[in-house]
Structure formats: structure tokens, C-alpha cells
Amino acid sequence: MTRLGAVITQAIVHHYGRDEYLRRLANPFWFQSFGAVMGMDWHSSGITTSVIGALRRGLQPLSGELGIHICGGRGSQSRRTPHELVSIANRVGLDGDHLSTTSRLVAKVDSAAVQDGFDLYLHGFVVTNDGKWVVVQQGMNGEKRQARRYHWFSEGLTNFLDSPHAAIEGRTQGQIVNLADARANLSRKGQLELLTSLGPDKIVRELALLEKEPPNTAEGQAQFELPHLLMPSHHDVRPADVNMRRLHGNLAAAADRGPVDFENLLLTPGVGARTVQALAMVAEVVHGAPYRFADPARFSLAHGGKDRHPFPVPLKVYDETIGVMKSAVQKARLGLDEELQALKRLDEQSRRIERYVTGPDLKEIVAGEFRRSSQFGGRSVFGWEPDAAEEDQI
């Protein structure tokens with residue numbers, strides 16, 4: 001994940017720039033698809049930890065070249081974020097105190113101003129050399145064994161308490177206290193007034209009034225609509241989770257462009273048809289428009305998942321994918337853009353033909369992956385996949 005995440009990042013920055021990369025990290029649908037194509041189970045709450053951790057490791061040696069820095073992480077690592085930001089700011093000429101304060105304020109908003117039953121345990125801060133940033137945080141509800149992810153983006157952010165989130169991922173949990181909502185301005189002012197008044201009497205009186213009167217529902221004030229990713233309760237990949245038309249477009253484009261671009265142009269040893277299928281989905285993660293990531297489960301069909309959802313990770317295919325991407329990015333640095341353009345054509349072909357191509361159903365595709373898993377170096381947290389023929393004999 002470290003290696004693949006790094007080369008995908010390089011490809012996106014090469015084509016679209018750092019700002020676009022930050023916009024994608026702030027989009028929960030793209031973020032989930034990114035984690036899925038990297039081989040983390042598409043539904044696991046661990047996607048957030050794994051993606052941030054992989055990017056932190058993979059981009060650190062490239063920070064000088066890309067001007068992108070990943071700070072924070074899980075637990076104690078998250079608490080070191082302000083110090084890391086000051087250190088980076090001193091190196092690249094940013095206001096370290098401002099970034100450090102921003103990190104603390106973002107964490108405080110999602111842990112105190114937003115009281116939704118989720119306790120923050122992860123804080124990832126991505127900052128560029130020009131001071132733009134994205135924060136990805138995650139909280140856990142221990143009772144329900146559910147996670148919620150919060151995305152922040154500096155672009156367009158004017159106030160940390162005026163509906164500041166770029167997006168939120170997670171299921172509705174009923175009524176919550178959200179003092180970061182733009183509609184809570186009167187409530188915030190009222191609380192400050194109570195806090196600055198002398199003695200507890202006024203607070204007690206106000207509380208008594210609130211208990212007698214029905215709550216103000218703030219009719220006429222529309223709720224600010226965020227991109228809101230809702231994951232189903234099941235972890236296996238089902239047909240309803242995948243846009244089959246787009247998947248068939250990926251597969252057909254791989255079959256059509258593969259022999260043209262990846263044998264005659266890329267000339268990468270060992271790259272077979274299965275790797276080109278994975279590359280078609282990686283290419284979409286690099287080039288796809290936001291609306292194309294509404295079904296993040298589809299991207300798990302590139303490299304499977306560590307818990308065998310939808311199938312074990314085919315390590316041989318994964319390594320070949322990294323090899324192709326790495327070669328393409330390295331040559332693009334030297335001005336030789338043909339390989340990255342070949343990947344772009346693969347994505348373009350997927351979109352052109354997905355309107356009319358057909359293919360096998362999801363169950364058949366997944367069954368085929370399991371049959372060939374040993375051939376592709378299939379592995380999961382349960383170990384290496386046995387050879388299908390040996391299993392039949394047993």
C-alpha cells in the first residue's frame with residue numbers, strides 16, 4: 001500500500017497538480033475507492049488508518065519533490081501532529097504556529113463541538129508547501145462498533161464553526177449536538193453569555209426554561225448538504241454495491257487496450273491481462289471525475305482485500321501494477337510521458353465503451369478470482385491461498 005499509494009499520488013500530481021490531489025483526499029467517496037484499490041477491505045474502518053499510514057511512509061521520501069507532507073496518524077502519533085507541522089513549516093517557510101493551531105482546532109471541533117457519540121482516535125494532516133491542507137479524522141463508537149470519518153479542506157474554509165467540514169462519512173445516529181453547524185450561531189452566542197455571567201443562577205434558570213419549552217427546530221434554515229458516504233452493514237461485496245456497467249467497461253477496456261498499449265508500448269515483463277484489468281481501475285482512481293466513485297466496492301476488484309473481501313490480494317498482480325505505475329511516473333519525470341498517457345487512454349476507453357458492453361455477473365467474476373488465487377499469489381490475513389487443485393484432492 002505504501003508503494004502503490006505513492007505512485008498513484010505522483011501520477012495525480014503530475015497530471016492535475018497538488019491542489020487537485022488535496023480535493024480528492026477531501027472527498028469521502030474517492031478516499032474510500034483509493035483505499036479499496038490499494039487492497040484494504042473496501043468496508044473496513046481500517047481503510048482510514050491504513051491509507052494515512054501508507055501515504056505517510058510512502059510520501060516522506062518524496063516530500064521535497066512533491067511539496068506534500070503527511071503528519072499525524074493514530075493514537076499518540078496524532079498528538080504529535082502540531083509539533084510535526086511546526087517542524088515542516090520551519091523547513092519550507094510556512095507559519096508553523098498557525099498550522100499547529102489549525103490542527104488543534106480541527107481536532108477540538110470534532111471531539112467537543114460535534115458530540116455525536118464517536119470518540120476521535122485518528123488525526124491525519126496533509127499540508128503542501130504553499131500552506132493548503134486537508135485533515136482526515138476518524139472517531140469510533142465502541143458500543144456500536146462503528147466508525148465515522150470527518151474530512152476537512154482549507155479551500156473555501158472561512159470559519160471553523162460555520163459548517164466547516166468538506167464531508168462526513170458514516171451513518172446517521174439520531175439527534176446530535178453540533179455546535180459547528182452554521183445554524184448553531186445563536187446557541188454559541190448564548191453559551192458564551194452564560195459562561196461570562198456571574199454565578200450559576202442564570203444557567204439554572206435557563207436550563208429550567210429549556211426543560212419546559214419545546215426545542216427550537218430552526219424552521220426555514222436549510223441544512224448544509226455535504227458529500228455523505230453511507231456504507232452498508234455487510235462487509236462482503238454484493239452486486240448492489242457495484243456499478244456493473246462501469247465494471248464491465250473497466251474489464252472490456254483492459255481487453256481492448258491491453259494488447260495495444262501494454263505489450264507494444266510499455267514492454268513491462270510479466271504484465272498479463274489480469275494486471276491490465278487492475279490498471280484500468282487504478283487509472284480511474286487517477287483520472288476519474290468525483291461522480292464515478294459512488295460505488296467504492298468496485299475498486300476492490302482491482303487487488304482484492306486483506307480479509308478476502310471480495311477475494312484474497314493477488315500479490316503478483318499487485319507487484320506488477322506497482323511496477324507499471326513506477327515505470328510510468330519515473331519516465332514522466334524525464335519528459336517521457338507515453339506510459340502515463342497509455343494509462344489515461346485505458347481510463348478513457350472504459351468510459352467510452354461502458355454504455356454498451358456486457359460481461360459476467362459479479363458472482364462469476366469473484367469465483368474466477370478465487371479459482372486463480374494461488375496462481376496470482378493470493379494472500380490474506382489468513383495466510384496464502386492453497387492451490388485449487390490441491391483443495392479438490394483434499
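Report on the accompanying structure. Nothing here was measured: the structure is a model prediction, and the numbers come from that model. All residue numbers refer to position in the chain's written sequence, counted from 1. Totals for whole chains, interfaces and linings use every residue, but because this is a predicted model, local features are given only for residues with pLDDT of at least 70 and side-chain atom pairs only at 80 or more, for both listing and counting. Here the side-chain values reflect all heavy atoms present in the structure, with hydrogen atoms and water set aside.

## Some remarks on the side chain of Arg246
1) Next: Tracing the sequence through the fold places Arg246 in helix H11 (residues 244–263).
2) Next: Only protein chains enter the area calculation, which uses a 1.4 Å probe; residues under 20% of their type maximum are buried, those over 50% are exposed, and those in between are partly exposed. Charge convention: Lys and Arg are scored as positive, Asp and Glu as negative, and His as well as the terminal groups of each chain are ignored. Every case where a carboxyl oxygen of Asp or Glu lies within 4 Å of a side-chain nitrogen of Lys or Arg is listed as a salt bridge. Asp295 provides the closest opposite charge to the buried, salt-bridge-free Arg246, at an N-O distance of 4.3 Å.
3) Next: We define a polar contact as two N or O atoms separated by no more than 3.5 Å, with the added condition that, inside protein, one atom must be a possible hydrogen donor and the other a possible acceptor, whereas residues neighbouring each other in sequence contribute only through side-chain atom pairs. A distance of 3.5 Å separates a polar side-chain atom of Arg246 from the backbone oxygen of Tyr291.
4) Next: Residue contacts are counted whenever heavy atoms from the two residues lie within 4.5 Å of one another. In contact with Arg246, not counting residues within four places along its chain, are Tyr291, Arg292, Asp295, Arg298 and Glu354. Under the DSSP-based scheme used, a helix requires at least four consecutive residues in state H or I and a strand at least two consecutive residues in state E, with every element numbered from the N terminus.

## Observations regarding the nonpolar core
Grouped burial of nonpolar side chains is what soluble globular proteins tend to show.
1) Next: In this description, a nonpolar core means a group of buried Ala, Val, Leu, Ile, Met, Phe, Trp, Tyr and Cys residues linked to one another through side-chain atoms lying within 4.5 Å. Counting 77 residues, the largest nonpolar core has Ile8, Tyr21, Phe34, Val37, Leu59, Leu247 and Met325 as its most contacted members.
2) Next: Counting contributing residues per domain, this core is built from domain 1 (43–176) and domain 3 (239–381), each supplying no fewer than three.
3) Next: With residues near it in sequence (within four places) discarded, Leu247 still touches Val242, Met281, Arg298, Leu301, Leu362 and Ile365.
4) Next: In terms of nonpolar packing, the next biggest core, distinct from the first, is built from 20 residues, Ile88, Val106, Phe118 and Ala184 among them. Residue ranges for the domains originate in an automatic or database domain assignment.

## Some remarks on the pairing of strand E1 (residues 68–74)
1) Next: Counting buried positions over the 7 residues of E1 gives 6, a clear majority of the element.
2) Next: Here a strand pair is declared whenever DSSP counts at least two bridges between the two strands. In this sheet, strand E3 (residues 119–128) lies alongside E1 in antiparallel orientation, the contact comprising 7 bridges. Within the sheet, the bridge partner assigned to Ile68 lies in E3 and is Thr128.

## A short note on helix H2 (residues 18–25)
1) Next: Those residues of H2 that sit buried are Tyr21, Leu22, Arg24 and Leu25. Take H2 and look down its axis: the buried residues cluster within an arc of 160°, on one side only. Here the arc refers to the set of directions running from the helix axis out to each C-beta atom.

## Thoughts on the pairing of E3
1) Next: Most of E3 sits out of view: 8 of its 10 residues are buried.
2) Next: In this structure, E3 lies alongside strand E4 (residues 133–141), joined through 8 bridges in antiparallel fashion. Paired with Asp119 across the two strands is Met140, which belongs to E4.
3) Next: Hairpin remark: E3 followed by E4, antiparallel, with 4 residues in the connecting loop; positive phi at Gly131, about 90°.

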